[in-house]
Amino acid sequence: MASGGGHVAALWTEVNRCGQNGDFARALKAVNKILHEAKDDITALHCKVVCLVQNSSFKEALNVMNNYSKLLGNDLVVFEKAYCEYRLNRVESALKTIEAASEQTDKLKELYGQVLYRLERYDECKAVYTDLIRNSQDEYEEERKTNLSAVVAAMSQWGESSPEDLGLSETTYELCYNAACSLIGQGQLTEALNKLKQAEELCRVSFADDTDMTEEDIESELAVIHSQMAYIMQLQGRTEEALQRYNQVIKLKPSDVGLLAVTANNIITINKDQNVFDSKKKVKLTSTDGVEHKLARRQLQAIDFNKALLAMYTNQAEQCRKLASGLQTQNPGQPRPVLVQVAQLCREKQHGKAIEQLQQFAEQHPESASGIKMTMAQLYLTQGHVTKACDILRLIEDFKHKQGMVRLNRMQYSIRFIKASLIHHITSCHRSGSPTHLALVREAANFKLKHGRKREAISDLEQLWKQNPKDIRMLAQLISAYSVVDADKAKSLSKHLPSPDSMALKVDVEELENSHGATYIRKKAAKPAGDAVPKEQGNVEIKKKRKKKKGKLPKNFDPKATPDPERWLPMRERTYYRGKKKGKKKEQVGKGTQGTTAGGSADLDASKTASSPPTSPRPGSASSSASGAVPPRQQKPATASGATRKKVPQKKKKSGKGGW
């Protein structure tokens, strides 16, 4: 013991007992009492650091080590210091602390592997874990194998080369899950999905006997497996099933912020420019605190890239530029951020500025110039500048001698360009009879024949015909070309053509025309006029006339009455229209009890008053007055002379705040 006395000895006994029971908060109180008695006790200081680390007080533990660095030294608490820096996400500082240690213990190597994994130095990390598994035998062997399988999975997904199979056993669901991630990186999606199903079964079996684990806890543990299943479905094009699984993971609200961020990002990629409101809600999950320490650098870049695209689709131009500029700063040679900026400029109709930015990037980064120039050509085409687009495409060295590029060249460059392409292919492939070479020769011959250069096309056609003497079409083109240059040669070549009898098809034309499903039938020749047989008078065909249906007449139609010649005109345009007489009804309404009138009903009958003129005078009044007939459009059903129209009682409106 660092100091004597019964009181201090009792405190050390309590520290030992609390440490064995895992009660580090109580042990810390006892250690502080010891340090109050002896401030420079190295063992007490070391115990205090350990208690603070166990209580997750990493900043306080680091402060104690820094304040008492002379007493503690570098080697005594090197592991605790590196671990605190690692947990505080000071990964570079943790790496320096580990590398500065005089002795590399097993626990320091374990931490060294974790630091290398966070720094994405997978090759070195793999070597560290391989050495640990080979040279150590304890109860942590399974955890080391799990970490090694995670390194292999990361290398297969984000590494430049696929790692070798280490033959790790898949006895736990973590090992099975990491094996599935490795298969995803290798593109074996079906096998990876089956492996994830196996991992799900192993996970459920492992928690089946644990009474403290509820069904919700098991589902939370399976969330990462389900999210990875959804990712495979998304890669396979099964977006509906993938979206359903992603939403199930989001509803569980797992504590892993990295899992939430990746799941939300994948939902955004499925939504694309649709369902933007849902994407704006999901994008908040990708910005949670601590996400940057849970995900790999490429995952974070993918999330920022999708954020920039979402900002562009939601017309947040400044936010889109800010995110794209940040991505370009992180990866100056990556063309994606530049393409996002160019897309935003095109949405703002600034095509000229977009082309300038693409041109500048292509000059600064020639290794990515091919895709950038293709984009420039596309922008020129959208503006209608076809010539400029062809000039840009002609400058792309990677596609210069492709068949599609040969078709794009103009007349003045085409012959020379095709010859250069043929020479390039022969020198690169060292043989002139390959399918690609023959395709280029055929393209050259067709181009020359199309533009009337048959003399220049002869050599190409002869080369093609020698490769395939049975090609009748090529022989016919060669004869056609020679007919302009050398008629005798064309005549001699025509002997190689098959005879007309061998080329004729033995087909019965009449049977073919009369067969079921014939769409064209040849018309037979008409008979001469003299051969026409005159028809007998009795056999003359008479065309049947269609009977016209009688129009419907009004119910009270009077055929004797003269119809109104102005009946088709609107009432206002008729000569006898006098307009409405306003206020007449008000004057005739009598005062008295409800339902009665002041005068008799006969006084209110205008038809019985001699001095009252008709409201709508009838044309032809002389004939109609004598006969007493009424035109059909003015006839009304008869009513009783003394009848009066009853008022329909109106419903009272309900009082209150409601209503219309």
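Source: prediction; values computed, not measured. (Residues numbered from 1 in each chain as written. Predicted model: local features only at pLDDT ≥ 70, side-chain atom pairs only at ≥ 80, totals over all residues. Heavy atoms only, no water.)

**Comments concerning the confidence of the model for the chain**
Residues with a pLDDT of 70 or more make up 75% of the chain, whose mean pLDDT is 78. Counted against residues more than four places away or in other chains, residues 409-413, with its pLDDT under 50, gives ten contacts. Across residues 638-648, where pLDDT falls below 50, the model places three contacts with residues more than four positions away in sequence or in other chains. (pLDDT = per-residue confidence, 0-100. Contact = heavy atoms within 4.5 Å.)

**Observations concerning the UniProt feature "repeat: TPR" (unreviewed entry) in the chain**
The positions that UniProt labels "repeat: TPR" (unreviewed entry) are, in the present scheme, residues 223-256. Taken end to end, residues 223-256 is 79% helix and 0% strand, and its two terminal C-alpha atoms sit 10 Å from one another. (UniProt positions renumbered as here; feature names shortened; annotations may be inferred. Helix = DSSP H or I, 4+ residues; strand = E, 2+ residues; numbered from the N terminus.)

**Description of the environment of Arg204**
Looking at the secondary structure, you find Arg204 in helix H12 (residues 189-206). Take Arg204: its relative accessible area is 31%, and that puts it in the partly exposed class. Along the sequence, Arg204 and Ile218 sit 14 residues apart, while their C-alpha atoms lie 7.2 Å from each other. If we skip the residues at most four places from it in the chain, Arg204 touches Glu215, Ile218, Glu219 and Leu222. (Buried < 20%, exposed > 50% of the residue type's maximum accessible area, 1.4 Å probe, protein only.)

**Quick look at the packing of aromatic side chains**
Counting across every chain of the model gives four aromatic pairs. With 6.1 Å between their ring centres and 70 degrees between their planes, Phe58 and Tyr83 make a pair best called edge-to-face. With Phe58 in helix H4 (residues 58-67) and Tyr83 in helix H6 (residues 78-87), this residue pair connects regions lying 25 residues apart in the sequence. Judged by relative accessible area, which is 9%, Phe58 ranks as buried. We classify Tyr83 as partly exposed; its relative accessible area is 24%. (Phe/Tyr/Trp six-rings, centres within 6.5 Å; stacked < 30°, edge-to-face > 60°.)

**A look at helix H15 (residues 239-252)**
For H15, with 14 residues, the first-to-last C-alpha span of 20 Å sits near the 20 Å given by 1.5 Å per residue. By the burial criterion, the buried members of H15 are Ala242, Tyr246, Val249 and Ile250. Across the axial projection of H15, the buried residues extend over an arc of 100 degrees, all falling on one side. Within H15, the exposed residues directed more than 90 degrees away from the buried face are Glu240 and Lys251. Residues of H15 that are buried make contact with helix H14 (223-235) and helix H16 (257-271). Looking at the residues trailing H15, positive phi occurs at Lys253, about 50 degrees. (Expected span 1.5 Å × (residues − 1). Arc of directions from axis to C-beta.)

**Quick look at helix H11 (residues 173-185)**
The terminal C-alpha atoms of H11 lie 19 Å apart, and with 13 residues this matches the ideal 18 Å at 1.5 Å per residue to within 8%. Most of H11 sits out of view: eleven of its 13 residues are buried. In this structure, the buried side of H11 is in contact with helix H10 (141-158), H12, helix H13 (215-221) and H14. Following H11 by one or two positions, Gly187 adopts a phi angle in the positive range, close to 85 degrees.

**Things to note about unusual backbone geometry**
Backbone geometry places Ser56, a non-glycine residue, at a positive phi of 65 degrees. In this fold, Ser56 is placed in the loop between helix H3 (42-54) and H4. A positive phi angle is found at Lys272, which is not glycine, with a value near 55 degrees. Looking at where Lys272 falls in the secondary structure, it is placed in the loop between H16 and helix H17 (276-282).

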